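Observations on the three-dimensional arrangement
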Amino acid sequence: MRDKDPQLPPEVAASLASLKEKAEAGIAEAQVRYGLVCAAGGYKERDLALALEWFQKAADQGSAFGIHCLAHCYLIGGGVDQDLPKAIELFRQAADLGFAEAFYFLGCCHLHGQGVPVDLVAAEESLIKAAEGGCVRAQYFLSNLYESGDDLPKDSAKSLYWLRTSAENGDSQAQVRYALKFLYGEEGVPLDKDEALSWLYKAANQPNSVVARFFLYYLFSKNEFGPSKAKEALKWLEKSFASGYPPAVREMGLKLIEGVDLPRNMVNGLELLKKAGSSGDDGAYFILSQLYSSGRYGVPINVEKAKAYLVKAKEMKAKLDKIKPISSESDPQSLKGDLPKAAGQGESFFNEKILSEIRENHLTLIQKAADGDPEAMIELGAYYYTCPGQGQNFEKAAELFRSAGERGASTGYFNLGLMVNYGDGLPLDKAEAANLFLKAAEMGLPIAQRTIAVIYLNGDVWPKDVDKFLYWLKKAVSNNDPEACYLLGLVYFEGKDLPQDFGRTAKYYRKAARLGLPKAWEALAKCYDDGLGVRKNPTKAKECRQESLVAGVRLEAQYRFMENVSKKKIEILSSEETSEDKA
C-alpha cells in the first residue's frame, strides 16, 4: 500500500504506524481498524484486497466487527467477487455474536431483496434488534420507514420515538429532522423555534455535518429565527461550502451569478453550478437548463445545452426519487470510525480566489470575442449592457450583440431587441425590437418565441392575432420554456382569447411545474383544491405546495431566477471596471 502523501503530519504517521504494529501483532480490533484504513484510502492508496485480508484475519479470531466488515466486502464486491449469499451468511454470524450493525444490514437486505427474498416481517425484526442494540443508523432508518409507510405500516408514534432516540444518540441527520419538527410543530412536537435551533446547532457542530450547516444557512436566509440574519446565513453557507456539499456549491454559484453577498462573476458561478450538478445536485442542472434557455443574467442562450441539462436533471431526479439500494451505503469506507484525522482541514472560504480570477476570466472573454466566438460576444456584450459605472457601454454592447446574431447566435438578436425595445443606447423603436425578437424566435430561441407570442396577443406592435400567438407560444412550450407552459395554462384558465379548458390548464401547469417553475406548483395546487381539470385532491394540493421543501429547497433556489422574469435587464459579472478599461 503506497502513501498518497509521504509528508503526513507526524501525529497521523505515528498513529498509523502504531495501528499497523498492533494489527501485525494479532490484535483483532487493530486488524479491523487497519483494514478500514486500507478500504477507505484516507491516508493511503485505497486497497480493498488488502482490507479484505485484514478483515479475514480478525474474523478468524472470532471478531464480530471483523466478520461484519468481511460481509461488506462480499456485499459490494470489494477486493473479492460479489457474493450476496456469502455476505448474508457473514452478517448472520456477526449478528449472532451481538453486533448491532449486522442486524441493521440484515434488515436492509430483507427489505430490498438483496441476497434473500423480500421479507418485510424479517426486515422489521432485524432493524428493531439493531436499533435496540444501539445502532443509531437503524434507529434513524426505522423512523423513516414508520413515517413513510411505504414498506412498514405507517406509525407516527414509533417514527417519532426512533427519531428522538437517534437524535439523542448523536445522529446528525436525525437531529436535523427532529429540529424541523420543532420548527414547524409537526406530529405531536410543539412549535418551538429555540428548541429547533438548539438541535440544529448540535448537528452542525458535529464533524462533517454539512447538511445541518446548510439548513442553518437556508433557515437564517429565510429569517426563520428573526430578521437581519444575512451574516449568520452566509457564515453557515461558507462552512457547508468548504466541505463540498453540492447544494452549498449550487448556492455559492447562484450568489456569484446574482451578485448577492459576493461580487458578480458569471463564469465562476456557472462552473460552480456545473460542479454541483456533477456532484449529484439535480437542482443545479435544472437551474443551468433555465439559464441557457432564458438567457437570464447574461448567460449565452444555448438551446442544446438547455435541453442536455434538463435531461440530466430529470435523470438524476428519477434516480434520487428511488429507494437507495443497500450497496449505496455499505462501502467499508463509511465505517471508518475513530481514525486519526489529518491536520490542516480547517474550513476556508474561496472568496479571495474568486476575486483574483475575475480579471483573468474577463480578459479571456475579450480575446474569445475578438476571435469571433459568438457566445463570448454575447457574454461580453451583456457585461457592457448591464455593468453599472464606467464599465457600461451601450455602443459596444449593441455591436457585439449584432455580430453574434449575424454569426448565428439567436441570443444576439434577442438582446439587441431588448436594447431597442427599452431605448438603451439606441433609439427606442418597438417595431424594430419586435422584428429582432422575431429573428431570434425563427432561429429557435424559446424566450423569443414566447415574447413574439405575447406581442401578437397584446396587439401593441402588430394587429392582434390569436392564431399566431398560439403558434409561437406552442413553439416555446415544445422547447420546454416553463414560463410559456404556465402562460398557455393561464390563457386556457381565463377563457378570454381561447376557449376555457381546465384540463389543458392543469396539463400545462403540470409541465411548467415539472420544469421547475414555483408559481406553477402553486397554480397546480389550486387546480387540485378546486377540481379544475383534475379530481379534487387535498393531499395532492398539499404535496404541490410543499414541493420546494420536499426537494431539499431546490425550487427555492430556482425561485430567485423566476421572480426576476419581469426585469428588463440581464445582470452579469461585477460592478467593477473592466480589465480592458483599466489597461
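The coordinates are above.
What comes next concerns the included structure. Everything numeric here is computed off the predicted structure, so don't read it as measured data. (Residues numbered from 1 in each chain as written. Predicted model: local features only at pLDDT ≥ 70, side-chain atom pairs only at ≥ 80, totals over all residues. Heavy atoms only, no water.)

The contact between helix 2 (residues 28–40) and helix 4 (residues 64–76) brings their axes to 9 Å, and the two run at 25 degrees. Considering their axes alone, helix 2 and helix 4 lie roughly parallel with respect to each other. Crossing of helix 2 against helix 4: the hand is left-handed. Of the residues in helix 4, those touching helix 2 at Val32, Arg33 and Leu36 are Phe65, Gly66 and Cys69. Classifying every residue of the contact of helix 2 with helix 4 gives four nonpolar, one polar and one charged. (Axes fitted to C-alpha atoms, helices over the stretch in contact; angles between N-to-C directions. Helix = DSSP H or I, 4+ residues; strand = E, 2+ residues; numbered from the N terminus. Parallel < 35°, antiparallel > 145°, perpendicular 65-115°, else oblique. Left-handed = near helix turned anticlockwise from the far one by under 90°. Contact = heavy atoms within 4.5 Å. Nonpolar A, V, L, I, M, F, W, Y, C, P; charged D, E, K, R; others polar.)

Turning next to the packing of helix 21 (residues 410–422) against helix 22 (residues 430–442). Close contact between helix 21 and helix 22 brings their axes to 8 Å; oriented N to C, the two are set at 165 degrees. Accordingly, the angle class assigned to the pair helix 21 and helix 22 is roughly antiparallel. Considering the relative orientation of helix 21 and helix 22, their crossing is left-handed. Facing Ser410, Tyr413, Phe414, Leu416, Gly417, Leu418, Val420 and Asn421 of helix 21, the residues of helix 22 in contact are Lys430, Glu432, Ala433, Leu436, Phe437, Lys439 and Ala440. Of the residues that constitute the contact of helix 21 with helix 22, the class distribution is nine nonpolar, three polar and three charged.

With that settled, consider the packing of aromatic side chains. Scanning the model with the defined rule gives 19 aromatic pairs in all. Taken together, a centroid distance of 5.1 Å and an interplanar angle of 40 degrees make the contact between Phe414 and Phe437 tilted. Taken together, the residues span a long stretch of sequence, with Phe414 in helix 21 and Phe437 in helix 22 at a distance of 23 residues. Owing to a relative accessible area of 4%, Phe437 belongs among the buried residues under this scheme. Put simply, the rings of Phe91, Tyr104, Phe105 and Phe141 touch in pairs and so form one group of aromatic residues. (Phe/Tyr/Trp six-rings, centres within 6.5 Å; stacked < 30°, edge-to-face > 60°. Buried < 20%, exposed > 50% of the residue type's maximum accessible area, 1.4 Å probe, protein only.)

With 13 residues, helix 9 (residues 156–168) should cover 18 Å at 1.5 Å per step; its first-to-last C-alpha distance of 18 Å lies within 8% of that length. Taken as a whole, helix 9 has its buried residues at Ser159, Leu160, Trp162, Leu163, Thr165, Ser166 and Ala167. If you follow the buried residues of helix 9, they end up packed against helix 7 (120–132), helix 8 (136–148), helix 10 (172–184) and helix 11 (193–204). Two or three places before Ala157, at the start of helix 9, stands the capping residue Asp155, its side-chain oxygen 3.2 Å from that residue's backbone nitrogen. Taken from the residues just after helix 9, Gly170 is the one with a positive phi, measuring 95 degrees. (Expected span 1.5 Å × (residues − 1). Polar contact = N/O pair within 3.5 Å; in protein donor to acceptor, adjacent residues only side chain to side chain.)

Right, let's talk about helix 5 (residues 84–96) for a bit. Taking 1.5 Å per residue, 13 residues should reach 18 Å; helix 5 reaches 18 Å between its end C-alpha atoms and fits that length. Of the positions making up helix 5, those classed as buried are Ala87, Ile88, Leu90, Phe91, Ala94 and Ala95. All buried residues of helix 5 lie within an arc of 165 degrees about the axis, which places them on one face of the element. Away from its buried face, by an angle of more than 90 degrees, helix 5 presents the exposed residues Pro85 and Asp96. The inward-facing, buried residues of helix 5 abut helix 4 and helix 6 (100–112). Sitting at the head of helix 5, Asp83 places a side-chain oxygen 3.1 Å from the backbone nitrogen of Lys86. At the exit of helix 5 stands Gly98, carrying a positive phi of roughly 90 degrees. (Arc of directions from axis to C-beta.)

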